[in-house]
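Tertiary structure, described
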Amino acid sequence: MTTIRPYNVDDMRVKASERIHKMFKGAPFIYIKYKNTFAEGYCQYKDGIKAFFTVWYRDMLVHTNEELSPHEKALAYVHSLEEKPWAS
């Protein structure tokens, strides 16, 4: 059994907010719902793509690497397809 590291929920909410805003960079609408152990982020981009992201406070204590935003991942996936069935 491991010991749970105590953390200040208010500080973690600020860090979660910063991370979610960084992930959803460029989105005109961002909504964040805060809980005691995590924050849920939702956004909608101008091109209609909707994205959701959950930040667990415990993961922020050890995870600090940079990631692509969900929108950037979706665009990279779409551009990686050789055959685009919706274009015909």
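Let us look at the structure shown here. Note that the structure is a prediction, hence the values are computed from the model and not measured.

Under the definition given, this model contains three aromatic pairs. With 5.8 Å between their ring centres and 75° between their planes, phenylalanine 29 and tyrosine 42 make a pair best called edge-to-face. One end of the pair, phenylalanine 29, is in strand E1 (residues 29-34); the other, tyrosine 42, is in strand E2 (residues 38-44), and 13 residues separate them in sequence. Overall, phenylalanine 29 belongs to the partly exposed group, its relative accessible area being 42%. Take tyrosine 42: its relative accessible area is 18%, and that puts it in the buried class. Between phenylalanine 38 and tryptophan 56 the ring centres are 4.7 Å apart and the planes differ by 45°, which places this aromatic pair in the tilted class. A residue pair is termed long-range when its members are at least 10 positions apart, and phenylalanine 38 in strand E2 and tryptophan 56 in strand E3 (residues 50-56) qualify at 18 residues. Look at phenylalanine 38 and you get buried, because its relative accessible area is 16%. Chaining the aromatic ring pairs together yields one cluster made of Phe29, Tyr42 and Phe52.

The sheet built from three strands is open, its strands ordered E1-E2-E3 with antiparallel pairing. Each of the sheet's edge strands pairs with one partner strand only, and the pair in question is E1 and E3. Each strand of the sheet is rotated relative to its neighbour by a mean of 15°, with strand direction disregarded. Bridge count for E2 against E3 is seven bridges, and the pairing is antiparallel. Residue pairing across strands places tyrosine 42 opposite phenylalanine 52, the latter belonging to E3.

Moving on: the pairing of E2. Counted residue by residue, E2 has five buried out of seven residues, so it is predominantly covered. Across six bridges, the pairing between E1 and E2 is antiparallel. From the neighbouring strand, tyrosine 34 faces E2, where its bridge partner is alanine 39. The turn joining E1 and E2, which pair antiparallel and follow one another in sequence, is formed by three residues. Hairpin connection of E2 to E3: five residues between the antiparallel strands, including glycine 48 at a positive phi of 95°.

What counts, and at which threshold
- Residues numbered from 1 in each chain as written.
- Predicted model: local features only at pLDDT ≥ 70, side-chain atom pairs only at ≥ 80, totals over all residues.
- Heavy atoms only, no water.
- Phe/Tyr/Trp six-rings, centres within 6.5 Å; stacked < 30°, edge-to-face > 60°.
- Helix = DSSP H or I, 4+ residues; strand = E, 2+ residues; numbered from the N terminus.
- Buried < 20%, exposed > 50% of the residue type's maximum accessible area, 1.4 Å probe, protein only.
- Pairing = 2+ DSSP bridges.
- Axes fitted to C-alpha atoms, helices over the stretch in contact; angles between N-to-C directions.

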